[in-house]
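Observations on the three-dimensional arrangement
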Amino acid sequence: MTDPTEPAEPTGSAGSAGSAGSAESIDGAEPPPPTRILLADDHALVRGGVRLILDAEPDLTVVAEAADGAEAVALARSERIDLVVLDISMPRMTGLQAARELSRLRPELRILILTMYENEQYFFEALKAGASGYVPKSVADRDLVEACRAAVRDEPFIYPGAETALIRTYLDRAERGRPLPDKAVTECEEEILKLVAEGHSSKEIGDLLVISPKTVERHRANLLQKLGLRDRLELTRYAIRVGLIEP
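First, a word on scope: everything that follows refers to the structure included in this document. In this text, all values refer to a predicted model and were calculated from it rather than measured experimentally.

1. Let's talk about the side chain of Asp41
Looking at where Asp41 falls in the secondary structure, it is placed in the loop between β1 (35-40) and α2 (44-55). Take Asp41: its relative accessible area is 3%, and that puts it in the buried class.

Rendered as structure tokens:
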């Protein structure tokens, strides 16, 4: 007969609860904070749609938005950002220009290009500019989240539809000892071409780039000769064709 004055031994269920509590305290570590994302696109509707995709994921959060490349660079310098998602074709500074600048300013920052252009040239330019991924807008709902996570892991990402063709092109060039595709214009010429196509005068371009109007005119003449074009209108058409500005 059990002495009622003695303390009762813990039951099996109580012991199990105690064990479960210990396991919970060990395994229930706080998850890492979500990746802080800066989203840059000159179309507010596109930004809104992309933000919905990213903010639906517990490990991703959009903390800042920019309407052009220059604003994206400024925000990345002043805000705590882990990852930048850049459109290619934006006013003032393209996504590729912004990527090059951000790679210089913040080499630890992860960069993704999100674009309407499914183009080999842009892909290689994006890699050279410091981007770790390239996602067409047409497959953003399917691939963007995984591209963001790959970038955070410091892994490259290209959308599956282009992977085979792009890798084959790259390996073929390497095997034959041929360099990656060259740009038609220099970075400086690209900046001037974009501003000319946007309708800025030589003086305005000079003020923006801190060079003289005569230097701007010389670069513009070089562009016309190099590209085989005749005037501002043809420069503008070329800029649209290569994605520096949108029609």
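2. Looking at the packing of helix α8 (residues 187-197) against helix α11 (residues 232-241)
In the contact formed by α8 and α11, the axes pass within 9 Å of each other and the chain directions differ by 110°. Viewed along their axes, α8 and α11 adopt a mutual orientation that is roughly perpendicular. The element α8 and its partner α11 pack so that their crossing is left-handed. Where α8 abuts α11, its residues Leu193, Val196 and Ala197 lie against Arg232, Leu235, Thr236, Tyr238 and Ala239. Looking at the contact of α8 with α11 residue by residue, the classes come out as 6 nonpolar, 1 polar and 1 charged.

3. Remarks on the environment of Arg92
With respect to the helices and strands, Arg92 occurs in the loop between β3 (83-86) and α4 (95-105). Look at Arg92 and you get exposed, because its relative accessible area is 52%. In sequence terms Arg92 and Ala67 are 25 residues apart; their C-alpha atoms lie 9.8 Å from each other. Among all residues touching Arg92, those that are not within four sequence positions of it are Asp68, Ala70, Glu71, Gln97, Lys194 and Glu198. A distance of 3.2 Å separates the side chain of Arg92 from the side chain of Asp68, its partner in a polar contact.

4. Remarks on the sheet that holds β3
Each strand in a sheet pairs with another by means of backbone hydrogen bonds, the pair being arranged parallel or else antiparallel. If you walk across this open sheet you meet the 6 strands as β2-β1-β3-β4-β5-β6, and the pairing is parallel. At either end of the open sheet lies a strand with only one pairing partner, and these are β2 (60-66) and β6 (157-158). Examined bridge by bridge, strand β4 (residues 110-115) and strand β5 (residues 133-136) share 4 bridges and lie parallel to one another. The partner of Leu114 across the bridge, within β5, is Val135. Together, β1, β2 and β3 form the strand contacts of helix α3 (residues 69-78), whose direction differs from that of β2 by roughly 125°.

5. Things to note about helix α10 (residues 213-227)
Taking 1.5 Å per residue, 15 residues should reach 21 Å; α10 reaches 21 Å between its end C-alpha atoms and fits that length. Those residues of α10 not exposed but buried are Thr215, Val216, His219, Arg220, Leu223, Leu224 and Leu227. Once α10 finishes, Gly228 follows within two positions and takes phi at roughly 70°, a positive value.

6. Thoughts on the pattern of salt bridges
Taken as a whole and assessed by the stated rule, the structure comprises 21 salt bridges. A salt bridge links Glu65 to Arg47; its shortest N-O distance comes to 2.9 Å. Remark: Arg47 occurs in helix α2 and Glu65 occurs in strand β2; sequence separation between them is 18 residues. Under the relative-accessibility criterion, Arg47 is labelled buried at 13%. Between Asp59 and Arg149 there is a salt bridge; the shortest N-O distance is 2.8 Å. In this pair, Asp59 sits in the loop between α2 and β2 while Arg149 sits in helix α6 (residues 140-152), placing the two residues 90 residues apart along the sequence.

Calculation rules
Residues numbered from 1 in each chain as written. Predicted model: local features only at pLDDT ≥ 70, side-chain atom pairs only at ≥ 80, totals over all residues. Heavy atoms only, no water. Helix = DSSP H or I, 4+ residues; strand = E, 2+ residues; numbered from the N terminus. Buried < 20%, exposed > 50% of the residue type's maximum accessible area, 1.4 Å probe, protein only. Axes fitted to C-alpha atoms, helices over the stretch in contact; angles between N-to-C directions. Parallel < 35°, antiparallel > 145°, perpendicular 65-115°, else oblique. Left-handed = near helix turned anticlockwise from the far one by under 90°. Contact = heavy atoms within 4.5 Å. Nonpolar A, V, L, I, M, F, W, Y, C, P; charged D, E, K, R; others polar. Polar contact = N/O pair within 3.5 Å; in protein donor to acceptor, adjacent residues only side chain to side chain. Pairing = 2+ DSSP bridges. Expected span 1.5 Å × (residues − 1). Salt bridge = Lys/Arg side-chain N within 4 Å of Asp/Glu carboxyl O.

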